[in-house]
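Listed below are the residues making up each chain.
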Amino acid sequence: MPEIQLLCPGHAPALLAFEQENRAYFAASIPDRGDDYFARFDERHRALLAEQEAGVCYFHVLVGAEGEILGRINLVDVADGSAELGYRIAERAAGQGLATWAVRELCDLAANSYGLTILRAGATLDNAAPRAVLARSGFAVVGERQLSGRPGLSYARGLADFTAPHGARARPVSDARGR
């Protein structure tokens, strides 16, 4: 499996390539980011890093053996022990269990590195793959919601079963240098 790395400035070129290579694939199931996202990518990347530094979000990339980005998995709106989970997996890595593995790993990181107790997520009704990943990862449907104007479901998952035993050291999140 690839390595989950906390987003850092050095990820920008590979992350832009990932987003460009998978733009049409993502747009088939979720709203397109739009041309402005790509035109202002460096500015947006710096803004994400500032949000992360402020502790309101934790952005991660899934880095493959060759240093390529195979996915993103993020925790946003971190507050009061909870956060919203979101992810996207490259087309060439889809259907191989990567999303389920990454969601479970991020649940562990959320509990043991970030001190979170609950994660929330959402998926549209017409996008079965993320709904299956969330179900396999222990998320339960807690309601209905609109996602970019489309009907969807809200999910939640407690993280108590990921919490390290008292006195155990939290697992660190590596950066791009493997630290």
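Residues numbered from 1 in each chain as written. Predicted model: local features only at pLDDT ≥ 70, side-chain atom pairs only at ≥ 80, totals over all residues. Heavy atoms only, no water.

Counted according to the given criterion, the structure contains 10 salt bridges. The partner of E19 in a salt bridge is R88, with the nearest N and O atoms 2.9 Å apart. Here the residue E19 occupies a position in helix α1 (residues 12-21), and R88 occupies one in strand β4 (residues 82-89), the gap between them amounting to 69 residues. Overall, the relative accessible area of 1% leaves E19 in the buried class. Here R40 makes a salt bridge to D36, at a shortest N to O gap of 4.0 Å. (Salt bridge = Lys/Arg side-chain N within 4 Å of Asp/Glu carboxyl O. Helix = DSSP H or I, 4+ residues; strand = E, 2+ residues; numbered from the N terminus. Buried < 20%, exposed > 50% of the residue type's maximum accessible area, 1.4 Å probe, protein only.)

Those residues of helix α6 (residues 128-136) lying buried are P130, V133 and L134. The buried side chains of α6 occupy one side of the element, clustering within an arc of 95 degrees when seen end-on. Each element contacted by the buried residues of α6 is listed here: β4, α5 (98-112), β5 (118-124) and β7 (150-158). Within two residues after α6, G138 carries a phi angle of roughly 90 degrees, on the positive side. (Arc of directions from axis to C-beta. Contact = heavy atoms within 4.5 Å.)

Turning next to the side chain of N127. Mapping N127 onto the fold places it in the loop between β5 and α6. We classify N127 as buried; its relative accessible area is 15%. Excluding its chain neighbours within four sequence positions, the residues that come into contact with N127 are S29 and I30.

Relative to β7, strand β6 (residues 140-147) is paired through seven bridges, and the arrangement is antiparallel. Within β7, the residue paired with V141 across the bridge is Y155. Counting the residues in the hairpin turn of β6 and β7 gives two residues, including S148, whose phi is positive at 55 degrees. (Pairing = 2+ DSSP bridges.)

Interpretation in functional terms is not warranted from these geometric data alone.
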